[in-house]
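A structural walkthrough
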Amino acid sequence: MKLPLSNKVALVAGATRGAGRGIAVQLGAAGATVYVTGRTTKSSKSEMNRPETIEETASLVDQAGGKGIAIQVDHLVLDQVQSLVNRIRKEQGCLHILVNDIFGATRIEWNKTVWESDLEFGLHTLRLAIDTHAITSHFAIPLLLQTPGGLVVEINDGTAEYNNTNYRNSFFYDLTKAAVLRMGFSLGHELKPHNATALSLTPGWLRSEAMLEAFGVTEENWQDAIVKVPGFAVSETPAYVGRAVVALATDPNLSRWNGQSLSSGQLAKVYGFTDIDGSQPDAWKYMMESQDTNSTIDATNYR
């Protein structure tokens, strides 16, 4: 049986771990050829200093049924990004899906004002979260526009509804997330005349490798963390946002979402996909409603 994305080429920029890896694997499960980029390989690590590698992600794409191609890229280095796109052009002749999921900050200085923050690191965080996306879009979108119906996804943390009314506990983090939301809107405006769609998409409370490690649990026993953090009951795997991207990429009416801010939980209700356990967690609905009622709400009711 032919898979729905078997003739499609995707670039997931920032696919070493977390949402990027989940998206790459689900695109592979739909049959796509997926270029996965990041700074950590079998032979070298990034400043994140974590064990996950882009080769592992590419292998998972293969195992899922697609074709994974790992390329080490620092998306702050213009020549590396340009070379990446030139390679995709040479090897495939086209690009249908671009996912900007690049971040890679090693820490966030939560609950510090701009004058209390480490300025050098704060400015570096902005570069990691904003410049990387702009650089990648600059070089990759011209190739994507050569084929009608292309999709650009800006991966973010938080919906416009939530972020527009909530301080994200750090001047620099708040600014990065506002910028990525605006990128989805701005690119939507610029791509619309070219029969392409751009949008921003956020997972909910993501059970990434780092988050599971921080809570001292694994994917097999993640519910043990709910005792200390009740809101973790509405968390989701990286596969969930990956399935959201696949649903978008296979939607014949994709342009209806152009320029919008979307979430995995929201799209699950529209398209009918689920997380790997068959549930449909909606973390941002939970966040908004628990905030609006100013009371404790059972997060388990939101999955």
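Residues numbered from 1 in each chain as written. Predicted model: local features only at pLDDT ≥ 70, side-chain atom pairs only at ≥ 80, totals over all residues. Heavy atoms only, no water.

Within the element layout of this structure, threonine 16 appears in the loop between strand E1 (9-13) and helix H1 (18-29). Accessibility expressed as a relative area gives 6% for threonine 16, which makes it buried. (Helix = DSSP H or I, 4+ residues; strand = E, 2+ residues; numbered from the N terminus. Buried < 20%, exposed > 50% of the residue type's maximum accessible area, 1.4 Å probe, protein only.)

Strand order across the open sheet formed by seven strands is E3-E2-E1-E4-E5-E6-E7, with parallel pairing between neighbours. Unpaired on one side and paired on the other, strand E3 (67-72) and strand E7 (261-263) mark the two borders of the sheet. Put simply, the sheet's adjacent strands are angled 20° from each other on average, direction ignored. Pairing of E1 with strand E4 (residues 97-100) involves four bridges; the strand directions are parallel. Considered in E4, the bridge of alanine 10 is made with isoleucine 97. (Pairing = 2+ DSSP bridges. Axes fitted to C-alpha atoms, helices over the stretch in contact; angles between N-to-C directions.)

Enumeration over the complete set of coordinates arrives at 10 aromatic pairs. Residues tyrosine 162 and tryptophan 284 carry aromatic rings whose centres are separated by 5.1 Å and whose planes lie at 55° to one another, so their mutual orientation is tilted. Highlighted residues: tyrosine 162 in helix H5 (residues 160-163) and tryptophan 284 in helix H10 (residues 283-293), separated in sequence by 122 residues. Note on tyrosine 162: relative accessible area 11%, which makes it buried. By relative accessible area, which is 8% here, tryptophan 284 ends up buried. Ring centres of phenylalanine 215 and phenylalanine 232 lie 4.7 Å apart, and the angle between their planes is 65°; this geometry places the pair in the edge-to-face category. Taken together, the residues span a long stretch of sequence, with phenylalanine 215 in helix H7 (residues 209-215) and phenylalanine 232 in the loop between H7 and helix H8 (238-249) at a distance of 17 residues. With relative accessibility at 28%, the residue phenylalanine 215 sits in the partly exposed group. (Phe/Tyr/Trp six-rings, centres within 6.5 Å; stacked < 30°, edge-to-face > 60°.)

For strand E2 (residues 33-38) and E3, the ladder comprises six bridges, and the chain directions are parallel. In the strand pairing of E3, valine 34 is matched with glycine 68. Chirality of the crossover, the property in question, places the unit of E2, helix H2 (residues 54-64) and E3 among those that are right-handed. (Right-handed = clockwise from strand over helix to strand, strands pointing away.)

The N-to-C vectors of H1 and H2 enclose an angle of 30°; their axes lie 7 Å apart at closest approach. The angle between H1 and H2 falls in the class roughly parallel. In this structure, H1 meets H2 at a crossing whose hand is right-handed. Packed against H1, whose contacting residues are Arg21, Ala24, Val25, Gly28 and Ala29, the element H2 presents Glu56, Thr57, Leu60, Val61 and Ala64 at the interface. When grouped by side-chain class, the residues that make up the contact of H1 with H2 number six nonpolar, two polar and two charged. (Parallel < 35°, antiparallel > 145°, perpendicular 65-115°, else oblique. Left-handed = near helix turned anticlockwise from the far one by under 90°. Contact = heavy atoms within 4.5 Å. Nonpolar A, V, L, I, M, F, W, Y, C, P; charged D, E, K, R; others polar.)

Glancing now at a nonpolar patch on the surface. Residues Val114, Trp115, Tyr167, Phe171 and Leu175 make up a contiguous nonpolar surface patch of roughly 540 Å² in combined accessible area. Looking at where leucine 175 falls in the secondary structure, it is placed in helix H6 (residues 171-191). (Patch = residues over 30% accessible without salt bridge, like charges linked within 9 Å, V, L, I, M, F, W, Y side chains within 5 Å. Areas by Shrake-Rupley, 256 points an atom, 1.4 Å probe, with all protein chains shown as cover. Salt bridge = Lys/Arg side-chain N within 4 Å of Asp/Glu carboxyl O.)

Under the counting rule described, the total for this entry stands at 14 salt bridges. Between aspartate 157 and arginine 168 there is a salt bridge, with the nearest N and O atoms lying 3.0 Å from each other. Separated by 11 residues along the polypeptide, aspartate 157 in the loop between strand E5 (151-155) and H5 and arginine 168 in the loop between H5 and H6 bring together distant segments of the chain. Between glutamate 219 and arginine 207 there is a salt bridge, and its shortest N-O distance comes to 2.7 Å. A residue pair is termed long-range when its members are at least 10 positions apart, and glutamate 219 in the loop between H7 and H8 and arginine 207 in the loop between strand E6 (197-202) and H7 qualify at 12 residues. Residues joined in a network through salt bridges with shared partners are Arg17, Arg50, Glu52 and Glu213.

Fair warning: the whole summary comes from geometry, so function is off the table for now.
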